[in-house]
Amino acid sequence: MQIFFLVFSAILIILSVLPFSQSQHWVFRVAEFIKLQLLVFQIPVLALGFYLVSENPWIWWVQLAQATLIIYHVYILVRYTKFWRREKYDKGKDASDSIKVISCNVLQFNTAYNRFIDLINKEQPQIFLTMESDGGWEKALRVLEADYPNFEKVTLDNTYGMHFYTKLKVNKSQVHYFVAEDIPSMEIELETADGHRFIFFAVHPPPPSPTEEENSKERDGDLLSVAKRVGQYKMPVVVTGDFNNVAWAKSSLLFKKTSKLIDARIGRGILSTFHANYWFFRVPLDLLFHSPSVFIDKLFIYPSVGSDHFPMGCTFFIDRYSEEQAEDIEHLEKGDMSEVNEMIAEGKAEESDNRE
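Conventions and cut-offs
Residues numbered from 1 in each chain as written. Predicted model: local features only at pLDDT ≥ 70, side-chain atom pairs only at ≥ 80, totals over all residues. Heavy atoms only, no water. Helix = DSSP H or I, 4+ residues; strand = E, 2+ residues; numbered from the N terminus. Rg over C-alpha atoms; globule rule 2.2 N^0.38 Å. Contact = heavy atoms within 4.5 Å. Areas by Shrake-Rupley, 256 points an atom, 1.4 Å probe, with all protein chains shown as cover. Lys, Arg positive; Asp, Glu negative; His and termini not counted. Charge placed at Lys NZ, Arg CZ, Asp CG, Glu CD. Pairing = 2+ DSSP bridges. Axes fitted to C-alpha atoms, helices over the stretch in contact; angles between N-to-C directions. Buried < 20%, exposed > 50% of the residue type's maximum accessible area, 1.4 Å probe, protein only. Patch = residues over 30% accessible without salt bridge, like charges linked within 9 Å, V, L, I, M, F, W, Y side chains within 5 Å. Salt bridge = Lys/Arg side-chain N within 4 Å of Asp/Glu carboxyl O. Core = buried A, V, L, I, M, F, W, Y, C linked by side-chain atoms within 4.5 Å. Phe/Tyr/Trp six-rings, centres within 6.5 Å; stacked < 30°, edge-to-face > 60°. Lys NZ or Arg CZ within 6 Å of the ring centre and 35° of its normal.

Peer 1: Would you take a moment to explain the overall build of the protein chain for this structure?
Peer 2: Secondary structure assignment for the protein chain yields 10 helices and 12 strands. Whereas a compact globule of 356 residues would reach a radius of gyration of roughly 21 Å, the protein chain reaches 21 Å, a difference of no more than 12%. Once the C-alpha set of the protein chain is aligned to its principal axes, its extents read approximately 70 × 50 × 40 Å. Pairs at least 24 residues apart make up 69% of the contacts formed inside the protein chain by residues separated by at least 6 positions. When the accessible surface of the protein chain is split by element, carbon and sulfur atoms take 56% of a total near 16,400 Å². With 36 positive and 47 negative side-chain charges, the protein chain shows a spacing of 6 Å between the two charge centroids.

Peer 1: Would you explain the sheet that holds strand 11 (residues 294-301) in this entry?
Peer 2: Working definition: the strands of a sheet are paired by backbone hydrogen bonds and lie parallel or antiparallel to each other. Taken in spatial order, the 6 strands line up as 3-4-2-1-12-11 in an open sheet, and their pairing is mixed. In the strand order of this sheet, the two ends are held by strand 3 (150-154) and strand 11, each with one partner. Pairwise comparison of adjacent strand axes, ignoring direction, gives a mean angle of 10° for this sheet. Bridge analysis of strand 3 against strand 4 (residues 162-166) gives 5 bridges, and the strand direction is antiparallel. In the strand pairing of strand 4, E152 is matched with F164. Each of strand 1 (99-105) and strand 2 (127-131) touches helix 5 (residues 113-123); the most contacted strand, strand 1, lies at about 175° to it.

Peer 1: Would you take a moment to explain the pairing of strand 10 (residues 286-290) for this structure?
Peer 2: Where a strand is regular, its side chains alternate between the two sheet faces. Across the 5 residues that make up strand 10, a large majority, 5, are buried. Of the two faces of strand 10, both are covered, the one formed by D286, L288 and H290 as well as the one formed by L287 and F289. Sheet topology places strand 8 (residues 237-242) next to strand 10; 5 bridges connect them, and they run antiparallel. By the bridge assignment for strand 10, T240 is matched with L288.

Peer 1: Before we go on, may I ask you to explain helix 8 (residues 250-259) in this structure?
Peer 2: Three or four residues apart is the spacing at which side chains of an α-helix point the same way, because the helix has 3.6 residues per turn. With 8 of its 10 residues buried, helix 8 lies for the most part within the structure. Of the positions making up helix 8, those classed as buried are S251, S252, L254, F255, K256, K257, T258 and S259. Immediately beyond the C-terminal end of helix 8, within one or two residues, lies K260, with a positive phi of roughly 60°.

Peer 1: Looking at this structure, I do not really get the sheet that holds strand 10. What am I missing?
Peer 2: Taking strand neighbours across the sheet as the criterion, the 6 strands line up as 5-6-7-8-10-9 in an open arrangement whose pairing is mixed. Across the chains shown, the open sheet's two edge strands, defined by having one partner strand only, are strand 5 (169-176) and strand 9 (262-263). The pairing of strand 6 (residues 185-191) with strand 7 (residues 197-203) spans 6 bridges and is classified as antiparallel. Pairing of E187 across the sheet is with F201, part of strand 7. The strands that helix 7 (residues 217-230) touches are strand 5, strand 6, strand 7 and strand 8; relative to strand 7, the one it contacts most, it runs at about 170°.

Peer 1: How should the environment of G241 be read in this particular structure?
Peer 2: The residue G241 is located in strand 8 in this model. The exposure class of G241 is buried, given its relative accessible area of 0%. Each C-alpha atom, one on G241 and one on M162, is 9.9 Å from the other, the two residues being 79 residues apart in sequence. Once residues lying within four places of it in the same chain are set aside, the contact partners of G241 are L129, M131, V203, L285, D286 and L287.

Peer 1: I would appreciate a short explanation of a negative patch on the surface in the present structure.
Peer 2: Taken together, the side chains of E323, E324, E327 and D328 make up a negatively charged region of the molecular surface. For E327, the location among the structural elements is in the loop between helix 9 (323-326) and helix 10 (336-355).

Peer 1: Mind showing me how you'd approach the nonpolar core here?
Peer 2: As a rule of thumb, nonpolar side chains are buried together in soluble globular proteins. Ranked by internal contacts, the top residues of the largest apolar core, which has 40 residues, are F201, V226, V239, F243 and F255. Looking at this core, the elements with two or more residues in it are helix 3 (35-52), helix 4 (59-77), strand 7, helix 7, strand 8, helix 8, strand 10 and helix 10. Looking at which element gives the most residues to this core, the answer is helix 7, with 5 residues. Apart from residues lying up to four places away in sequence, F243 is in contact with V203, P205, R219, L223, F255, L285, L287 and F289. Within the second largest apolar cluster, 25 residues are counted, among which are F198, V238, V294 and F316.

Peer 1: Teacher, can you tell me more about the packing of aromatic side chains here?
Peer 2: Note on aromatic pairs: each is described by the distance of the centres and the angle between the planes. Scanning the entire structure with this criterion turns up 21 aromatic pairs. Taking the centre distance of 5.5 Å and the plane angle of 65° together, the rings of Y80 and W248 count as edge-to-face. On the criterion of sequence distance, the pair formed by Y80 in the loop between helix 4 and strand 1 and W248 in the loop between strand 8 and helix 8 is long-range, its members being 168 residues apart. Judged by its relative accessible area of 11%, W248 falls in the buried class. With a centroid separation of 5.8 Å and 65° between ring planes, the pair formed by F116 and F128 is classed as edge-to-face. Remark: F128 occurs in strand 2 and F116 occurs in helix 5; sequence separation between them is 12 residues. Taken together through their ring pairs, the aromatic side chains of Y113, F116, F128, W137, Y148, F151 and Y165 make up a single cluster. Between the NZ or CZ atom of R79 and the centre of the ring of Y75, over which it lies, the distance is 4.8 Å. The ring of W84 carries the charged tip of R79 above its face, separated from the ring centre by 5.6 Å.

This is the structure we're talking about:
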């Protein structure tokens, strides 16, 4: 029992402290994803330690480390629960009508096209976004073009295809390749029927993992490039997609500060979207950030459509800039912008090295 306790405690402690490293290697960055799972294991292991400590007083040191990390994890995660206080905002008389958006990494190799199409037909969002959508998906989604006459398509077979459809008026659209020539991001200026304009940004950078990218340099560089561009806008902005990152990761926090946007999950729930087939290993990789003049009504997860990601839904409205909501904006500290620029440069350099 004591050996089991020590080995398991060591694993939990090591996985908990790995993200404190500045290294962008996947070993350190993927460990950020499982903070909730670590907490679930740490609590019973801490309880077991109190049973064993009478036999070996030095176990108190293990208990102290474990308890400290539990407190840290709770401190980070509690803001992503409904226990965290959120202000309730009432619509003003000049607010836009409610806008519904659905975004989903549909999984390129998922051919159950009708499951996602049926979801769109049922929910009738004003906007929907697909990621990992290849030629098969592009062809299947054409049946929706009568209802969604405005669209932007980047059809790729490298798992980074992206398709955007909307019922709203599109004033202009642009596809960016910030750090890699095969990793698109979409920037689209939309206008509602009642005259409210806003920017919709769609992202899907590559994940750090042993099977894809050895490190998070391209992901971080891509996201922070989006953040710098978004931070220049005066009009309302919504950024969503498969970030392949969690909201509490350092690069996500830098994204939030640089873009001057608000994390929609704060006070609404962790809302894990991946992996749809393994309930215990689910993490929130599909994120949504918004400016202070965008007000979130609901943020939620839909049932599976055959992908390894659950679709994410959001309803929101646009109103006057809210000083109260703006208090949730976090600002860059001294030296942060230099780090942001360095991470963007490293992301571009990583792509150049991969092409050689």
